[in-house]
Structures are given as C-alpha cells and as structure tokens.
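Commentary on secondary and tertiary structure
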Amino acid sequence: MSLLEIKHVAKNFDDTVVLKDISLNVEKGECVTIIGSSGSGKSTLLRCINLLEQPTSGEIVFDGVNILNKGVDLNHVRSRLSMVFQSFNLFNNMDVLSNCVIGQVKVLKRNKKEAIEIAERNLEKVGLKDRMHFKIRDISGGQKQRVAIARALCMNPDIILFDEPTSALDPEMVNEVLKVMKELAANKTTMIVVTHEMDFAKDVSDRVIFMDQGVIVADGSPDYIFNQCENERLQSFLTRRHRSPVERIKEQPNLFHSVTLGD
Amino acid sequence: MDIAGDFSVLLGNYGIFYLQGIAATILLSIVGTFGGLALGIFLAFGKKLQPKGKRVSVQLWQWPIKVFCQAYSIILRGTPMMVQAILFKYGTQMLGVKWTEILQGVPVFNGWMVAGLIVITLNTTAYMGEIIQAGLNGVDKGQVEGARSLGMNDLQILFHVTLPQAIRNSIPTIGNEWIVNIKDSSVLNVISVAELYFMGNSAASKGYRYFASYLIIALIYLTLTLIATGILKMVEFKMDGKKSKFRFINVLFHYKTKEA
C-alpha cells in the first residue's frame, strides 16, 4: 500500500473545472515533482491533498484512511502533511524560533523545552540557527523560505508538500532553498513539489508528473519525461520554456508588428 | 475683566477642583478604552460569526449573538454618547439602581462616577468592535493557511496568529479612541460625573469666572491629549523594535514614527 493514494479526485470552483479525475500514488521516501504551465491545476491538487481545498469528488487515502471521510480529524491529518507555500506564510507576529515552536506545542502537545530543542535542530539543518531570534520581517526571502521548511520539518510530517517554493524569490536566493530541498530528498524525505525549476525536477526528483488543463498527462522518471516521452503537450510545454524571452515575444505577431515593418 | 486675577483665584482657591477633574477624566478615558477594547474583541467575534449553512444546533446560538452584536454596534455608534448617558441614568434609576450609593467615599469615585465609567465603556465597545473587526479582516489570508497547514484549530489560529496581528495593526486606531475618550468624557457632565469639564464649570460658577476657567480646562485637555499621543507613539516605537532613541519632542513635530 502506498503512503498516499489519490483516487479520481476532481475539483470545481463554481463552474470552472480545475481538476479532472486525478489518480496518483506516492510511495514513502519518494520525491515527486509536479510540473506544468500556470493554471494547469498543480497547486490546486497540492492544496487538495492537505484539504486547504475540499475536492469536489474522489478519494484521498493517506496512510490507509480516506481523509475526505466525515469524522476524520482534519487538524491531525494536516499536521502530518506539512506544507511550504510560495508566499512563505510565516507568522509575522512571532520570531523565527516561535514560528517553529508554536505548531509543536499547540498541535503535537510537545512540552516547550523539547519543542525548542527540535526547532533548534531543524533550524540548524537549514542553516539558520543564528537567526532564530530574528523577527520575520528582518530576514531575507530565501531565509524566510528556509524557516518555512524548518517549521514544516518540526512537525515530523510524513509528507512535505511544496507549493512553488522558489517562485516568489529573487534569482540569487533560489539556490539556497533548492540546496535545502536537495538535502531533504537525499535523506529520503517524502516530498511532493510543485515547481517551475526544471533542473530540480530533472536532477533531484525520483518521479516527474506533467499536468495540463486539470489532468495528469505524463507520469514517469525524470529521464522518461525529459528525454523519451513524446507526448505533444509535454513537448510543447518543454520547448516553450526553453525558448528565450525574445523568441516568445516574436511568437506574438501583433506585439512585434511595428518592429518587423522596418525589415 | 481681569483674566490674570481670575486665573490666580481659580488655581489658588479651587485648584483641587481641577486636580479632581483631571483624575476623573484620566480614569474615565483609560477604563473606557481598555474595557471597551476587551469587550470590543468579543463584539468583533460576535459580528464575524457565520451561522449561514451550519448545523441547526450551531445556527440556533450563533444567529442571536450575531444579530445582537450587529444591532449593538449600529445603535451605540448611531446615537450621541450624551443621549446614551441620560437614557442610561434614567433607565437604571427606574430599575431602582442607586448609582450615588455605590463606592461613595472612595476618592474620584464619588457621585455618578461608576455610571459614567459604564457608559463610556459600553460606548467605546461599539467602536472597538469595529476596529478589531477591520483588523482581523486585514490579516493576510496566508497567515491562516500557514497555521491551518500545521494543523492548528480555529481558536488556536485566532488567539495565536490573527488576533495578535489584528491588535498590533490596530494600535494607532485604538490609541486614537483613547484620545477621543479623553475629550468626549466631558459630555458625561450631563449625568453629573465629576470629570474635568464638570469640575471646571463648578469652579467657574463660584464667582462667574467662566472664560478663565474654560481656558484652563482647554489647556489641560490639550496637555492630556499630547501626553497620550506621546505614550502611544512610544508604544508603537517599542513594538517596532527601533534602534534609534525615542524622543518625546519628535512626537509633536513628526507624527510619523514608522519608516517608509
């Protein structure tokens, strides 16, 4: 049995269909990346997994239990499925250490001393132990995202969900976050990563899923997805990403019209 | 007219009147503001309840609370505190409450003070409810999602994440209520609360020295509001953890302490 089994999940926002019949299994220790263009439903899928969005239909079986069943302790499930957000979502009214401690004390009912020790250990892991008494607004974007990862780790989750963790960062800060994520993957942490970082998908993940318009189009090893799969939509997505901005502008005839006239 | 002479008579013979008035006004404004804040937080919770579409048993207690809180807020903000004070005075008198017998002999609490404290607190509650509600609405949705993703429940999120941020962001507006209360407590003279306006008026009437006495009161009110402004700026300053030194004089000339 897989750690996480998503069966025929669909999600509508009013009349808009965002996810259509998604089925997906994630094994323990696996690092799965989900790629796809904006609006393909990959973030919504991730948010459905820890029930920040309620799927319209389908089943999500986590550790043998369908978490969509009534009577399932939602908060307990969420504490085992930590999430790292694009916009960090760290608590602005606390310092770095308290951000990592509060969930442990309030949700896992650990005593404060133990929680602080665990928080310190995880902050050390992401290289921010010296910043633990800083206010959130006094650290950089990359540091914020590393704190968010430490906060997630403190809950000892079974799976960590990453929702475009580097998309809101300046380019020079992306690597410090990716480095931490690579270490997690190397330690066999179960991770589901929605990302636009193709190199991460290629080099680090065990499995890559390509989504387009609310369905899983391709699912396989990085080698299969990037080198072998000949699916048309995947190819168009990958080539589009590799073209330079100038080429992309050239594709839009109206935008480039005034310049080409001079030729 | 000998204003200078009036001043010396008023301050010399009736100085105690003004001191008593200052003490009463400060007490009214502080109790009104903090009491109003505490009750206003509950008012905001009541107004933010969303009973629609919930279980019948939940709707049954949530609807009355929500309707009460909304009505309270509309009525108390839509009528003058002076009128509220008079209604409160005669209304409670009809019910047989004898305000002038409660806490008599305690300095400052003599006469109608207790009634005055209740009126100003109930009035401020309505405004504080509005302020806290706006503060809660202003907290980024991501903060709630972050807390939810850790498995925190709604109450934990409220008390550890959203409410502290709502209050922090509302401190300038909450402080403003305090300053408003320092000035507006003067209307409580209609129910004979012995605050600064009432006492100044009493001193004036002892020898028809109205202009001089009200001038003194005006200066005292101005001093009180300036001190209050300074204290609030200092609180904000400390909370923002600024490294530079806080200078009281800056409050008068640079109203912005927040860096751009």
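Up top is the structure these notes are about.
Overview of the structure. (Residues numbered from 1 in each chain as written. Chains lettered and ligands numbered in written order. Predicted model: local features only at pLDDT ≥ 70, side-chain atom pairs only at ≥ 80, totals over all residues. Heavy atoms only, no water.)

The next thing to look at is the overall build of chain A. Helix and strand counts for chain A come out as 11 helices and 10 strands. Projected onto its principal axes, the C-alpha coordinates of chain A cover approximately 70 × 40 × 35 Å. Every one of the 263 residues in chain A was classed for burial, and the buried ones make up 52%. A total accessible area of about 12,600 Å² is found for chain A, and carbon and sulfur atoms account for 46% of it. Side chains of chain A carry 34 positive and 36 negative charges; the gap between the two charge centres is 6 Å. (Helix = DSSP H or I, 4+ residues; strand = E, 2+ residues; numbered from the N terminus. Buried < 20%, exposed > 50% of the residue type's maximum accessible area, 1.4 Å probe, protein only. Areas by Shrake-Rupley, 256 points an atom, 1.4 Å probe, with all protein chains shown as cover. Lys, Arg positive; Asp, Glu negative; His and termini not counted. Charge placed at Lys NZ, Arg CZ, Asp CG, Glu CD.)

This paragraph deals with the packing of helix α5 (residues 141-149) of chain B against helix α6 (residues 154-184) of chain B. Residue and element names in this part refer to chain B. Contact geometry of α5 with α6 gives a least axis separation of 10 Å together with a crossing angle of 145 degrees. Here α5 runs over α6; the crossing is right-handed. Residue-level contacts link Gln143, Val144, Ala147 and Arg148 of α5 to Asp154, Ile157, Val161, Thr162 and Gln165 of α6. When the residues that make up the contact of α5 with α6 are grouped by side-chain class, the tally is 4 nonpolar, 3 polar and 2 charged. (Axes fitted to C-alpha atoms, helices over the stretch in contact; angles between N-to-C directions. Left-handed = near helix turned anticlockwise from the far one by under 90°. Contact = heavy atoms within 4.5 Å. Nonpolar A, V, L, I, M, F, W, Y, C, P; charged D, E, K, R; others polar.)

Right, let's talk about the interface of chain B and chain A for a bit. On the chain A side, the residues contacting the 19 residues of chain B number 24 residues. In total, about 1,700 Å² of surface goes out of reach between chain B and chain A, with carbon and sulfur atoms giving 53% of it. Contact with chain A buries area across many residues of chain B, yet Glu145(B), Ser149(B) and Leu150(B) alone supply 35% of it, more than any other trio. The tally of links between chain B and chain A comes to 1 salt bridge. Of all the secondary structure elements, the ones that give two or more residues to the side of chain B that touches chain A are α5 and α6 of chain B. The leading source of residues in the side of chain B that touches chain A is α5(B), at 7 residues. Taken together, the residues of the side of chain B that touches chain A break down into 6 nonpolar, 9 polar and 4 charged. (Buried area = accessible area lost by both parts, 1.4 Å probe. Salt bridge = Lys/Arg side-chain N within 4 Å of Asp/Glu carboxyl O.)

For the rest of this paragraph, the subject is the packing of aromatic side chains. Applying the stated criterion across every chain yields a total of 9 aromatic pairs over all chains. Judged by centre distance (5.0 Å) and plane angle (85 degrees), the rings of Tyr208(B) and Tyr210(B) are edge-to-face. Clustering of aromatic rings is evident, with ring pairs tying together Tyr197(B), Tyr208(B), Tyr210(B) and Tyr214(B). Over the ring of Phe226(A) we find Lys202(A), and its NZ or CZ is 5.2 Å from the ring centre. Taking the ring centre of Trp112(B) as reference, the NZ or CZ of Lys89(B) above it sits at 4.6 Å. (Phe/Tyr/Trp six-rings, centres within 6.5 Å; stacked < 30°, edge-to-face > 60°. Lys NZ or Arg CZ within 6 Å of the ring centre and 35° of its normal.)

On to the environment of Lys188(A), then. Residue and element names in this part refer to chain A. Tracing the backbone through its elements, the reader meets Lys188 in the loop between α6 (171-186) and β8 (191-194). The class of Lys188 is exposed, set by a relative accessible area of 54%. Note: C-alpha distance between Lys188 and Asn111 (77 residues apart in sequence) is 28 Å. Discounting residues that sit within four places of it in the chain, Lys188 has contacts with Gly29 and Asp206.

Turning next to helix α3 (residues 81-94) of chain B. Residues and elements named next belong to chain B. With 14 residues, α3 ought to run about 20 Å at 1.5 Å a step, and its terminal C-alpha atoms sit 20 Å apart, in line with that. For α3, the full list of buried residues reads Met81, Gln84, Ala85, Phe88, Lys89 and Thr92. End-on view of α3: buried residues confined to an arc of 135 degrees, all on one side of the axis. Those residues of α3 that are exposed and aimed more than 90 degrees away from the buried face are Leu87 and Met94. The inward-facing, buried residues of α3 contact α2 (56-78), α4 (113-138) and α6. Positive phi appears at Gly96, one or two residues downstream of α3, with a value of about 95 degrees. (Expected span 1.5 Å × (residues − 1). Arc of directions from axis to C-beta.)

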